[in-house]
Amino acid sequence: MSIIKFDMKSQLPRSFVLSNGVEMPSVGLGTYQMNEDELKLAIKVALDVGYRMFDTAANYKNEGFIGEILARELMERDMKRSDVFIITKLSPKDQGYDKTVDAMRKSASLLGGYIDLYLIHWPGVSKTDPSSAQNAVGRCESWLAMQDIYSEAAQTQSQSEREGTGTGTDTGTGTGAGIGTGIGKPLVRAIGVSNYHVVHLQALLADPALRVPPAVNQVELHPCYHPTDLRKFCTDAGVHLQAYSPLGRGNLLAPEFLRQFPEVRGMVREGGEGLACVYLKWALQNGFSVLPKSRDGDRIRGNIAMFDDGNGPPHGTSLSPDQMRLLDQVQNARLEKFCWDSQSVA
């Protein structure tokens, strides 16, 4: 089970400590479908207002842009690569042991030498029927590769600490070495999955070859969709749930939604954070880290406004138990998933 580290002024978690001891920020910037020009603005603003986590994927085709922009922005701020937490994901077309190793090396080289959190993006294999047993074979082979790379990284980390030669991770902005190089550059700090339902997690955890359990399951989560069975399973298994599309792709901000749930609009504090922060608080207080995505500078600022920046009156504190209960119950009246669903993947 992940450990929560609170912001004492806002009473909201600033970070979570994963099952392997790695500390991860509670709020990150999603970058799905963002191009180079959009990323230049978004990353600059995000760093300026306190974001320290960035989420990408091989399928987004923007890892290289993110790596280059972050390197430049960090250098201008006299910051190191280790001051930010980068998540990326294995493409479904790269499922399988050897392909996974190559994909991880490539992503690490683009993102400053190593990856903080690497996820299997989808439980299925590209161009494979969802009902095919090859999906399970592919993701099993991918996990074996990931846990081998992670285990070597952890061993290198421990050895460097024993020898007093540093943390073993690349703290600059250049590229680092990959698995098997033997020069003290771990490739990944934590591994996990994305879009996994309970059945996929059960199969993974029951695999006799499992040595490293997933630290994170990144899935769609918001008041309209937060499956009770998945939440309970992940809590019991010590798998941290991370929310993408925590605003339901904007649908939870729409007038039609708010007409159905006027009490939700009433949670917005006058002169305080906007409605987006209400949903993000709900997620954080439920123990989920969040990855709101925006190309707009004002919205990027607004999505982290629930934390007190120390430059004025405190922004809103945590939601009340009654407010949390109301949001928890939204899916009873309107259970709706706005993104892709891997339920049919065998």
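Structure's up top.
Throughout what follows, the structure given in this document is the object of discussion. (Residues numbered from 1 in each chain as written. Predicted model: local features only at pLDDT ≥ 70, side-chain atom pairs only at ≥ 80, totals over all residues. Heavy atoms only, no water.)

## Section: the nonpolar core
1) Next: In this structure, Phe54, Tyr279 and Leu327 are the most contacted members of the largest nonpolar core, which totals 80 residues.
2) Next: Examining the composition of this core, we find that nine residues originate from one element, helix H9 (residues 275-285), more than from any other.
3) Next: Counting residues in hydrophobic clusters, the runner-up holds twelve residues, among them Met24, Phe85, Leu117 and Leu291. (Core = buried A, V, L, I, M, F, W, Y, C linked by side-chain atoms within 4.5 Å. Buried < 20%, exposed > 50% of the residue type's maximum accessible area, 1.4 Å probe, protein only. Helix = DSSP H or I, 4+ residues; strand = E, 2+ residues; numbered from the N terminus.)

## A closer look at the pattern of salt bridges
1) Next: Evaluation of the coordinates by the stated rule reveals 15 salt bridges.
2) Next: Its salt-bridge partner being Asp55, residue Lys89 comes within 2.9 Å of it at the nearest N-O pair. In this pair, Lys89 sits in strand S6 (residues 85-90) while Asp55 sits in strand S5 (residues 53-55), placing the two residues 34 residues apart along the sequence. Neither Lys89 nor Asp55 differs from the other in exposure class; each is buried.
3) Next: Each member of the salt-bridge network shares a partner with another, and the members are Lys44, Asp48, Glu73 and Arg77. (Salt bridge = Lys/Arg side-chain N within 4 Å of Asp/Glu carboxyl O.)

## A look at the packing of H9 against helix H11 (residues 321-328)
1) Next: The interhelical angle for the contact between H9 and H11, taken along N-to-C directions, is 95°, at an axis separation of 11 Å. Compared by their axis directions, H9 and H11 come out roughly perpendicular. Of the residues in H11, those in contact with Val278, Tyr279, Trp282 and Gln285 of H9 are Met324, Leu327 and Asp328. (Axes fitted to C-alpha atoms, helices over the stretch in contact; angles between N-to-C directions. Parallel < 35°, antiparallel > 145°, perpendicular 65-115°, else oblique. Contact = heavy atoms within 4.5 Å.)

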